[in-house]
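One letter stands for each residue in the lines below.
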Amino acid sequence: ELKVEQNPLFLSMQEGKNYTIYCNYSTTSDRLYWYRQDPGKSLESLFVLLSNGAVKQEGRLMASLDTKARLSTLHITAAVHDLSATYFCAVDILSPVAGGGADGLTFGKGTHLIIQP
Amino acid sequence: GAGVSQSPRYKVAKRGQDVALRCDPISGHVSLFWYQQALGQGPEFLTYFQNEAQLDKSGLPSDRFFAERPEGSVSTLKIQRTQQEDSAVYLCASSLKPSEAQETQYFGPGTRLLVL
């Protein structure tokens, strides 16, 4: 059974600081995703990571993937209040049953991030 | 362009009632997924369609849950004889090509179901 663990689950930080969210998963996975969710809203895709050593950056967010350690990180640089949200990592396994496509994502519990002015 | 839409956005049901939740995926998207998100938790996979074929329904919590996508576009998730534990946000997601490496799932706004 594929399990995804995130830590921390709650994080309160000040603007201007740097921090990292960690995502561990239990079995070999084909793709790793980071999503953002604002309160009462749906999920917004941030990154898709495919291969070992992959690194992607968008603004103050940078995601990386270490498939050997089954670990992904989401690094926040010089945080601003607008980044306050819940961040989820999710993994999937490409399935021949699904025509080589994803057969549903397995999500972590999310990291609730509050950035205070 | 238009994203994934879901209706209704909110639904209050009395315990024992049947409910039907609708999902309109992005036009042309082959894959469609349903997830259940409990308060303060991550979404949990329910079922998956590729066009009209339901390829995986392993996440449906009981036989009271039923999903269909008869023409390969709009999908309906039906819950019969609702129970209080069914209260959650039901999210629909779609993606274009199942096997494309950079494929991502685009989520709708969800239907918030409250069973009293």
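Rules and cut-offs
Residues numbered from 1 in each chain as written. Chains lettered and ligands numbered in written order. Predicted model: local features only at pLDDT ≥ 70, side-chain atom pairs only at ≥ 80, totals over all residues. Heavy atoms only, no water. Phe/Tyr/Trp six-rings, centres within 6.5 Å; stacked < 30°, edge-to-face > 60°. Helix = DSSP H or I, 4+ residues; strand = E, 2+ residues; numbered from the N terminus. Buried < 20%, exposed > 50% of the residue type's maximum accessible area, 1.4 Å probe, protein only. Disulfide = S-S within 2.5 Å. Pairing = 2+ DSSP bridges. Core = buried A, V, L, I, M, F, W, Y, C linked by side-chain atoms within 4.5 Å. Polar contact = N/O pair within 3.5 Å; in protein donor to acceptor, adjacent residues only side chain to side chain. Contact = heavy atoms within 4.5 Å. Patch = residues over 30% accessible without salt bridge, like charges linked within 9 Å, V, L, I, M, F, W, Y side chains within 5 Å. Areas by Shrake-Rupley, 256 points an atom, 1.4 Å probe, with all protein chains shown as cover. Salt bridge = Lys/Arg side-chain N within 4 Å of Asp/Glu carboxyl O.

Before going further, it helps to spend a moment on the packing of aromatic side chains. Residues and elements named next belong to chain A. Taken as a whole and assessed by the stated rule, the structure comprises 11 aromatic pairs over all chains. Arranged with centres 6.1 Å apart and planes meeting at 85 degrees, the rings of Phe88 and Phe107 form a pair that is edge-to-face. In this pair, Phe88 sits in strand E9 (residues 85-92) while Phe107 sits in strand E12 (residues 106-107), placing the two residues 19 residues apart along the sequence. Judged by its relative accessible area of 2%, Phe88 is buried.

So, about the state of the cysteines. The tally for this structure, following the rule as stated, stands at 2 disulfides over all chains. Disulfide pairing places A:Cys23 opposite A:Cys89 at an S-S distance of 2.0 Å. Across the disulfide from A:Cys23 to A:Cys89, rotation about the S-S bond amounts to roughly 80 degrees, and the bridge is consequently right-handed. With a gap of 66 residues between them, A:Cys23 in strand E3 (residues 19-25) and A:Cys89 in strand E9 connect regions that are remote in the sequence. Residue A:Cys23 is classed as buried on the basis of its relative accessible area of 0%. A sulfur-sulfur separation of 1.9 Å characterises the disulfide bridge that pairs B:Cys23 with B:Cys92. Looking down the S-S bond of the B:Cys23 and B:Cys92 bridge, the torsion is -65 degrees, so its handedness is left-handed. On the criterion of sequence distance, the pair formed by B:Cys23 in strand E3 (residues 19-24) and B:Cys92 in strand E9 (residues 88-95) is long-range, its members being 69 residues apart. For the residue pair B:Cys23 and B:Cys92, the accessibility class agrees, reading buried in each case.

What follows concerns the pairing of strand E7 (residues 61-66) of chain A. Residues and elements named next belong to chain A. Side chains Leu61, Ala63 and Leu65 of E7 all project onto a buried face; the interleaved residues Met62, Ser64 and Asp66 project onto a face where none is buried. Judged from the 4 bridges that link them, strand E6 (residues 55-58) and E7 form a sheet pairing that is antiparallel. Each bridged residue has a counterpart across the sheet, and for Gln57 the counterpart in E7 is Met62. Linkage of E6 to E7, two consecutive antiparallel strands, is achieved through a turn of 2 residues, within which Gly59 is found at a positive phi near 65 degrees. Hairpin remark: E7 followed by strand E8 (residues 71-76), antiparallel, with 4 residues in the connecting loop; positive phi at Arg70, about 55 degrees.

For the rest of this paragraph, the subject is the nonpolar core. Of all hydrophobic cores here, the largest spans 25 residues; its most connected members are A:Leu32, A:Trp34, A:Leu74 and A:Tyr87. Secondary-structure elements contributing two or more residues to this core are strand E2 (10-14), E3, strand E4 (31-37), strand E5 (43-49), E7, E8, E9 and strand E13 (111-116) of chain A. Examining the composition of this core, we find that 4 residues originate from one element, E9(A), more than from any other. By size, the runner-up hydrophobic cluster in this structure holds 20 residues, among which are B:Cys23, B:Phe65, B:Ala88 and B:Tyr90.

Here the focus is the side chain of A:Arg31. Along the chain, A:Arg31 falls in strand E4. Side chain to side chain, A:Arg31 and A:Tyr33 meet in a polar contact 3.0 Å long.

Attention shifts here to the environment of A:Val55. Along the chain, A:Val55 turns up in strand E6. In this structure A:Val55 touches A:Met62, A:Ala63 and A:Ser64, once residues within four positions along its chain are discounted.

What follows concerns a nonpolar patch on the surface. Residues and elements named next belong to chain B. A surface patch of nonpolar side chains, amounting to about 280 Å² of accessible area, comprises Val12, Leu114 and Leu116. Within the fold, Leu114 resides in strand E11 (residues 111-115). The exposure class assigned to Leu114 is partly exposed, which follows from its relative accessible area of 42%.

Read these as geometric descriptors, not functional statements.
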